Amino acid sequence: MNILWGSLIVEELLRNGIDYFCLSPGSRSTPLAVAVARNPKARPAVIYDERAAAFHALGYSRAAGKPAVLICTSGTAAANYFPAIVEASLDFIPMIVLTADRPPEKIDTGANQTIRQAKMYGDYVRWFFDLPCPTAEIPPQMVLTTIDHCIYKSLAQPAGPVHLNCQFREPLVPLKRKIPPDYLKDLASWSKHSQPYTSYSPPAAAPTAQTRNELLKIIRHTRKGLLVVGRLRSEEEKQAVRRLSQKLGWPVFTDILSGQRLGNGSKNLLPYFDLMLLAEQLHPKYQPETILHLGDQPASKRFLQFVDKNPPRHYISILPHSFRSDPTHRVSWRVETGLREFCEQFSAVSAAKIDRQWLGFLKKCSTLVGRFLNFQLNKNGKLSEPAIARLISQHIPPGHSLFLASSLPIREVDMFADPDGNSVCISANRGVSGIDGTIASALGYTRGNNQPLTLLIGDLAFLHDLNSLSIISTQKIPITIVLINNQ
């Protein structure tokens, strides 16, 4: 029954389009590993270090927009997933975690490699289920509906990791044992097609008419409006935001992870807004009446400080989930809706006439910063961390991806990137912004979007994830690691 249930789990995942499996060695997870190995539609990646495997799955899921599956044995193997699960939870990245476990009679008995795995990831998973030991007394459709619900909970807003704890009794290896003759009779119809057992429809997501009218009133009466764009998670979101930006005509402050920063071409883009805020005496002149904030929080600390010291009359935050995202406690309107749906609803908005003097002042300041950077970073040809960040943004080829380590690399590219560089996919671990698992995450990211990748990383983060260099031997896509040794 162990091998049969393992096969049902893997097959139902594949029927839902979930085909990338990150496995680490272990005995207790044998039924799941055998099922992956036997199914020709599964794409396995064997990664020995569970922590690296989890961050690799995180990177893949971030790029692919669908969950990777993690499979490990029992005990501390499952505990090593925790850092990546926290990152996925706080950055809304879907992942499916299948931890193999000892049967219940072994828990709290001193049995080897046995810990309490039930709910071991606490509130950092969107859903947990303790799958009982396989037995003929439990119908097989329970396994299929559990997997279907597991996938739905991972992808539904707020997206995130889910944990299925799979208990197995020995024997774990495939044996020639007969399955009860009527056990699979209720799956006769399911076995004849390739669709999931249970299909879930996504919930509708659009602002109510009352909310739309209230926001339209604010936008139409705003002469000093600032559009802030955080991380966007799909090409559809990026295109919708770009159309809304052009329609509004407001100055635009974009985070480096928004996909709006390089190769944008918008005449109202303020690529150096963060550096402009270094001029403290100019802050009151920058102050907008209304901030429309689409997507996640930006990496810029100075932006948050600016908002706290110069709060706008209206701060409108648009996010597709219910989690609070207001570190300065200045948000006056919080709208839970899809970003693409919001932008499409407001694409016909007729904004008030922008204060041209104010807009011109902001654009002039950003242009002056850009000229200064070109002069200062190019005058002596010496490498520095700001120069490295700018050079990468200027020379990374189209069709490539850029992954940025936390701490300084992402902040330096956010501050010094040349807006005339090619528009490329840029990503980073910004849920918790830890330095662990950076190499594994980057390698997973390139597997998820199938593009050549450049990783910009510091020495400490590099040393912290040296084990993950072993994954490169399995990669067929070119990887360039730019390693900054700043001691």
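Residues numbered from 1 in each chain as written. Predicted model: local features only at pLDDT ≥ 70, side-chain atom pairs only at ≥ 80, totals over all residues. Heavy atoms only, no water.

Chemist: Go over a nonpolar patch on the surface with me, naming the residues and quoting the values.
Modeler: Taken together, the side chains of F82, L90, Y124 and V432 present a nonpolar region at the surface, about 320 Å² in accessible area. Along the chain, Y124 turns up in the loop between β4 (95-101) and β5 (127-131). Given the relative accessible area of 33%, Y124 is considered partly exposed. (Patch = residues over 30% accessible without salt bridge, like charges linked within 9 Å, V, L, I, M, F, W, Y side chains within 5 Å. Areas by Shrake-Rupley, 256 points an atom, 1.4 Å probe, with all protein chains shown as cover. Salt bridge = Lys/Arg side-chain N within 4 Å of Asp/Glu carboxyl O. Helix = DSSP H or I, 4+ residues; strand = E, 2+ residues; numbered from the N terminus. Buried < 20%, exposed > 50% of the residue type's maximum accessible area, 1.4 Å probe, protein only.)

Chemist: How would you summarise the pairing of strand β15 (residues 479-484) if you had to cite specific residues and measurements?
Modeler: Strand direction decides the pairing type here: strand β14 (residues 453-458) and β15, joined by six bridges, are parallel. Paired with I457 across the strands is L483, a residue of β15. In this fold, β14 hands off to helix α17 (residues 459-464), which returns the chain to β15; that crossover is right-handed. (Pairing = 2+ DSSP bridges. Right-handed = clockwise from strand over helix to strand, strands pointing away.)

Chemist: Which residues make up the environment of P251, and what are the values?
Modeler: Relative to the helices and strands, P251 is located in the loop between α8 (235-248) and β8 (252-254). Taking the C-alpha atoms as reference, P251 lies 7.2 Å from G225; in sequence the two are 26 residues apart.

Chemist: Tell me about the sheet that holds strand β6 (residues 161-167), residues and numbers included.
Modeler: Across the sheet, which stays open at both edges, the six strands sit in the order β2-β1-β3-β4-β6-β5 with parallel pairing between neighbours. Of all strands in the sheet, those bounded by a partner on one side alone are β2 (43-46) and β5. Averaged over all pairs of adjacent strands, the angle between strand axes in this sheet comes to 20°, irrespective of strand direction. Two strands pair when backbone bridges link them, and β4 and β6 are joined in this way by seven bridges, in the parallel orientation. For D101, the partnering residue across the bridge sits in β6 and is Q167. (Axes fitted to C-alpha atoms, helices over the stretch in contact; angles between N-to-C directions.)

Chemist: Outline the packing of aromatic side chains, supporting the account with residue identities and numerical values.
Modeler: Taken as a whole and judged by the stated rule, the model has 14 aromatic pairs. Both rings, one in W127 and one in F129, keep their centres 5.6 Å apart while their planes meet at 10°; by these two values the pair is stacked. The class of F129 is partly exposed, set by a relative accessible area of 26%. The structure contains a cluster of three or more aromatic residues connected by ring pairs, namely F253, F273, Y286, F303, F306 and F361. Positioned above the aromatic ring of W190 is the side chain of R15, whose terminal nitrogen or guanidinium carbon lies 3.9 Å from the ring centre. (Phe/Tyr/Trp six-rings, centres within 6.5 Å; stacked < 30°, edge-to-face > 60°. Lys NZ or Arg CZ within 6 Å of the ring centre and 35° of its normal.)

Chemist: Any chance you could break down the state of the cysteines for me, citing the residues and the numbers?
Modeler: For the structure shown, the criterion picks out zero disulfides. C72 supplies the cysteine sulfur nearest to C22, a cysteine that is in no disulfide, at a spacing of 12 Å. According to the relative accessible area criterion, C22 is buried, its value standing at 0%. Considering cysteine sulfurs only, C425 is the nearest to C343, which forms no disulfide, with 18 Å between them. (Disulfide = S-S within 2.5 Å.)

Chemist: Break down the pattern of salt bridges for me, citing the residues and quoting the values.
Modeler: Summed over the entire model, instances satisfying the criterion amount to 20 salt bridges. R261 is the salt-bridge partner of D414, the closest N and O atoms lying 3.3 Å from each other. Of the two residues, D414 sits in helix α15 (residues 408-416) while R261 sits in the loop between β8 and α9 (273-276), which places them 153 residues apart along the sequence. By the burial criterion, D414 is buried, and R261 matches it.

Chemist: So, the nonpolar core: which residues are in play, and what are the values?
Modeler: Counting residues in each nonpolar core, the largest one holds 51 residues, and the members touching the most others are L244, F273, L292, L294, F303 and F342. Ranked by residues supplied to this core, first place goes to helix α13 (residues 356-378) with seven residues. Setting aside residues up to four positions removed in sequence, F303 forms contacts with L226, V228, F253, F273, L277, I291, P298 and Y315. Among the nonpolar cores identified, the runner-up in size contains 39 residues, and C22, I85, I93 and I439 belong to it. (Core = buried A, V, L, I, M, F, W, Y, C linked by side-chain atoms within 4.5 Å. Contact = heavy atoms within 4.5 Å.)

Chemist: Just give me the short version of the packing of α13 against helix α14 (residues 385-395), but keep the residues and values in it.
Modeler: Contact pair α13 / α14: the axes reach a minimum separation of 11 Å and the direction vectors enclose 110°. In terms of their interaxial angle, α13 and α14 are classed as roughly perpendicular. Counted together, G370, L373, N374 and L377 of α13 and P386, A387, R390 and Q394 of α14 form the full contact between these two elements. In the contact of α13 with α14, the residues fall into four nonpolar, three polar and one charged. (Parallel < 35°, antiparallel > 145°, perpendicular 65-115°, else oblique. Nonpolar A, V, L, I, M, F, W, Y, C, P; charged D, E, K, R; others polar.)

Chemist: Describe the sheet that holds strand β9 (residues 290-294), listing the residues and the values that go with them.
Modeler: Here five strands make up an open sheet; going across it, the order is β8-β7-β9-β10-β11 and the pairing parallel. This sheet does not close on itself; its edge strands, each paired only once, are β8 and β11 (333-336). Looking at each pair of strands side by side, their axes are set apart by 15° on average, direction ignored. Pairing of β9 with strand β10 (residues 314-319) involves five bridges; the strand directions are parallel. When the bridges of β10 are listed, I291 appears paired with Y315. Seen against the sheet, helix α7 (residues 209-220) touches β9, β10 and β11 and runs at an angle of roughly 135° to β11.

Chemist: Any details on the packing of α14 against α15? Residues and values, ideally.
Modeler: Axis separation between α14 and α15 bottoms out at 8 Å; the angle between their running directions is 65°. Here α14 is positioned roughly perpendicular relative to α15, judged by the angle of their axes. Of the two elements, α14 crosses α15, and the hand of that crossing is right-handed. On α15, the residues touching E385, P386, A389 and R390 of α14 are L408, E412, V413 and F416. For the contact of α14 with α15, the per-class residue count stands at five nonpolar, no polar and three charged. (Left-handed = near helix turned anticlockwise from the far one by under 90°.)

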